[in-house]
Structures are given as C-alpha cells and as structure tokens.
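The residues making up each chain are set out below.
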Amino acid sequence: MSNTPATGAVSEAEVFDAIVGMLADMLELFDVDPSDVARETEFHDDLEMESIDLVALSGLLRERWGDRVNFAQFIAGMELEQIMHVTVGQLVDFVVESLASTEAPAAAEQPAGEQA
C-alpha cells in the first residue's frame, strides 16, 4: 500500500528513505546494515545484489509507486557494465524524476475536470 498520494511532490529524501526501507527488507539475507546505504552505494559492488535482486527491487518499486516508476525503462539504455555500477542515488533521481513527470499532467488535468 502506498503512503504517497497520487499527486503532490515527493522529495528526494522521502524517495531515498523509501528505497532504503525496501533494501533493508531485502538485505537482511546479505548481512548489510541499511544505515550504511548512501547515495553513492552501488547495488552490485557494495550491496552484493545480483540481477534477480534487482528484479525483486523492481517489484517493490512498482508496489509502492505503480506504473509511475518503470525500473525496466531506467536500465534499458544501459550496458551491462553500467548496470553493475548503478548507485542508490541514480535510482533515487530516476524515481523523483518519474514521479514529477507523472504529477505535472495529472495536476494540469484536475482543474480542467472540475471546471467542466
């Protein structure tokens, strides 16, 4: 269940905290302390996450923000080497941008709907 309303700005800090929360659940098995996760933390090298773990993270992102955040789109243009070095900060930035881009049209349509 999402704690984030369909409209309204979501801060970088809120997204970071949400992603760290998702990682905390996943990382119990990897013996990684979530308090050690920073923007520059790499999913593969620092957190030892494999591709299947990224698929699981993708599911958690979708569960939280729905179709507004498309993880497959995020990594689609990357080479394997780039994917191996993706950081938490890069994902946070992508989520914030994705949420902002889906909020603008929704906010613009709402007043028009009320006037009709």
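Notes on the structure follow.

What counts and how
Residues numbered from 1 in each chain as written. Predicted model: local features only at pLDDT ≥ 70, side-chain atom pairs only at ≥ 80, totals over all residues. Heavy atoms only, no water. Helix = DSSP H or I, 4+ residues; strand = E, 2+ residues; numbered from the N terminus. Buried < 20%, exposed > 50% of the residue type's maximum accessible area, 1.4 Å probe, protein only. Polar contact = N/O pair within 3.5 Å; in protein donor to acceptor, adjacent residues only side chain to side chain. Phe/Tyr/Trp six-rings, centres within 6.5 Å; stacked < 30°, edge-to-face > 60°.

## Considering the side chain of Thr41
Take Thr41: it is sitting in the loop between α1 (12-27) and α2 (51-65). For Thr41, a relative accessible area of 7% corresponds to the buried category. Here Ala38 takes part through its backbone nitrogen, which lies 2.7 Å from a polar atom of the side chain of Thr41.

## A closer look at the packing of aromatic side chains
Each aromatic ring pair is described using two quantities: the centre-to-centre distance and the angle formed by the ring planes. In this structure the tally under the stated criterion is two aromatic pairs. Both rings, one in Phe71 and one in Phe74, keep their centres 5.8 Å apart while their planes meet at 50°; by these two values the pair is tilted. Here Phe71 pairs with Phe74, and both are found in helix α3 (residues 71-76), just three residues apart, close to one helical turn. With respect to burial, Phe71 and Phe74 carry one shared label: buried. Each ring, one from Phe74 and one from Phe94, has its centre 4.9 Å from the other, and the planes form 35°; the classification is tilted. Of this pair, Phe74 sits in helix α3 while Phe94 sits in helix α5 (residues 88-115), placing them 20 residues apart in sequence. Assessed through its relative accessible area of 14%, Phe94 is described here as buried. An aromatic cluster is present here, built from Phe71, Phe74 and Phe94 joined pairwise through their rings.

Take it as geometry only, folks, not as evidence of what the structure does.
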